[in-house]
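Close look at the chain arrangement
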Amino acid sequence: MHAPPTEENSKTTDSRDIIDDDDLESVLAANQKWILKSHPNGAFNASTDIELVNDPLDLESLEENEVIVRVDVLAIDPFIRQMMNGDDEDNDDCIIPVNGTIKAMGVGTVIKGETDTFVKGSVVVGIMSAAKYAIVDSDLLQDKIAFAKPSASLGLLGNIGETAYIGLFVAPQKGPQKGETVLVNDAASPVGCLVCQIAQFAGAKVIGVTHGKEKKMFLEHTLKLHGVIDCKESEIFINEALHQFCPDGIDFVFDSVGGVVLNEVLNHIKTKARIVTCDTSSCNNKKPSSIQGPKNYFKLIEKSASLQGFNTMDYSEHSFKATTYLGWNYMRDNFIFPQKFSIGLESFAESIETMLLNEHVGHLLVQVSDQFENRDQHLEKKSGGKPAYANEHIKEMQVQEPGVLTIDRTEDTPKQKSQETDLIELACTETKTETEKKFETNDKDENGSMGDISKSTESTSKP
């Protein structure tokens, strides 16, 4: 995902605490990384499945277009576990071989190597080794988003935020509408909590499904959802809970869990309901061959409903609009996005176990470097320590009509208006252009029949 184009993010650098070349060789000689010791046999076991080993890096092995990155922070995301799956004829996720290096999304600082894109001190984001230092192909990296904290590039403004946006406004035929009932499964997860808030912005009635009292309190008291179902205390009563919170049925479902809950939810969908799914977290700690689909899938036929799976990698052309929308709201402090940091590379394995237990609220991150500061770059530059976008009160924002964004701007500062106008105008301009093009080109398909109406009007249902 790419940040909105600015002069700043073309060269985001941090020259503080960069290792001198004279000391670099000895530092790299003491490097460590996590490797896959064995493919998990079912549930992941941190003590037997992965191992922290010494991994000296040789400066002489640095090839053209490669850089050495000091790994500052790593994100603990479900795909890490999925890449550990063993040989299985039904499994396409076997990416890491035994003794192979564990990978994760990370933020780091270039300490050696210069390319056309990066120089020493560049703050970069991308797939990195779960290590203290890593040699990375610069083509696999991008600049940290200039107007945001480094960790935001891994979460709210990274793949997590993009997943929420794509799942709500791009993958389905129609996004959540004002007055509709939206159910979010695993609502306190990093993706789920953003989905809940964006659906609230659209004026929908949002019901969250979660697991545990801490998560339930977060959804009820912090995000203030219309209703929260705690499956840990009432999984056997999920059907009754859905009747209570969704008496008239469900218009839109955002699912990242699968399993029992999705199966029961299908009994409560309305006619022409839209269901999107991006993960099966209920099966993340199981063998892929053991995953089963919902038994009540016939409800899709009965209700003329749609079930759409999606992978954000297949929607890269929408990254700009997603970043614009998310960045605009980020600059206004409109999102609540909890983060939990563990300190030290040694905590990486335990953090994976914590993620898989799914009893935490928000996004798990590992701070690898003690020189990492999760600061906001423009705090220091523009406002002397206070965010230029910070507001004492979060303004009410909702989609009044498809594609029309209405915001109370009465308390905005001139600087704030300028920053936000630049972002939102970029989004609106692109949306208008794409819509006009689709109406012009999608009237007929190659066979001369009418094109897909949902595609031709896709942009009009997005913020």
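Residues numbered from 1 in each chain as written. Predicted model: local features only at pLDDT ≥ 70, side-chain atom pairs only at ≥ 80, totals over all residues. Heavy atoms only, no water.

1. Some details on the overall build of the protein
Across its full length, the protein holds 15 helices and 17 strands. Split into buried and exposed, the 463 residues of the protein put 53% on the buried side. By sequence separation, contacts in the protein at least 24 residues apart represent 70% of the contacts at least 6 residues apart. Counting every atom, the protein has about 21400 Å² of accessible surface; 48% of that belongs to carbon and sulfur. (Helix = DSSP H or I, 4+ residues; strand = E, 2+ residues; numbered from the N terminus. Buried < 20%, exposed > 50% of the residue type's maximum accessible area, 1.4 Å probe, protein only. Contact = heavy atoms within 4.5 Å. Areas by Shrake-Rupley, 256 points an atom, 1.4 Å probe, with all protein chains shown as cover.)

2. A look at the packing of helix α4 (residues 159–169) against helix α5 (residues 190–201)
Relative to each other, α4 and α5 sit at 50°, their axes nearing to 9 Å. Classed by the angle they form, the pair α4 and α5 counts as oblique. The hand of the α4/α5 crossing is right-handed. Judged by residue contacts, Ile160, Gly161, Thr163, Ala164, Leu168 and Phe169 of α4 engage Pro190, Val191, Leu194, Val195, Ile198 and Ala199 from α5. Taken together, the residues that form the contact of α4 with α5 break down as 10 nonpolar, 2 polar and no charged. (Axes fitted to C-alpha atoms, helices over the stretch in contact; angles between N-to-C directions. Parallel < 35°, antiparallel > 145°, perpendicular 65-115°, else oblique. Left-handed = near helix turned anticlockwise from the far one by under 90°. Nonpolar A, V, L, I, M, F, W, Y, C, P; charged D, E, K, R; others polar.)

3. Things to note about α5
Taking 1.5 Å of rise per residue, 12 residues should cover 16 Å, and α5 covers 17 Å from first to last C-alpha, within 8% of that figure. Where burial is concerned, most of α5 is hidden: 11 out of the 12 residues are buried. Along α5, the residues that are buried comprise Pro190, Val191, Gly192, Cys193, Leu194, Val195, Cys196, Gln197, Ile198, Ala199 and Phe201. Trailing α5 by a residue or two, glycine 203 shows a phi angle of about 85°, which is positive. (Expected span 1.5 Å × (residues − 1).)

4. What about the confidence of the model for the protein?
Looking at the protein, the pLDDT average stands at 77 and 70% of residues meet or exceed 70. Scored below 50 in pLDDT, residues 376–421 makes 88 contacts in the model with residues more than four places away or belonging to other chains. (pLDDT = per-residue confidence, 0-100.)

5. So, the environment of methionine 331
Mapped onto the elements, methionine 331 comes out in helix α11 (residues 319–331). Of the residues examined, methionine 331 reaches a relative accessible area of 6% and is grouped as buried. Distance from methionine 331 to phenylalanine 147, taken between C-alpha atoms, is 8.2 Å for residues 184 residues apart in sequence.

6. Considering the packing of α4 against α11
A pair of packed helices can be characterised by two numbers: the angle between their axes and the separation between those axes. Interaxial distance between α4 and α11 falls to 9 Å at its minimum, and their mutual angle equals 105°. As summarised for this structure, α4 and α11 are arranged roughly perpendicular, according to the angle between their axes. From α4, Gly161, Glu162 and Tyr165 reach across to α11, where they touch Ser319, Lys321, Ala322, Tyr325 and Leu326. In terms of residue class, the contact of α4 with α11 is built from 4 nonpolar, 2 polar and 2 charged.

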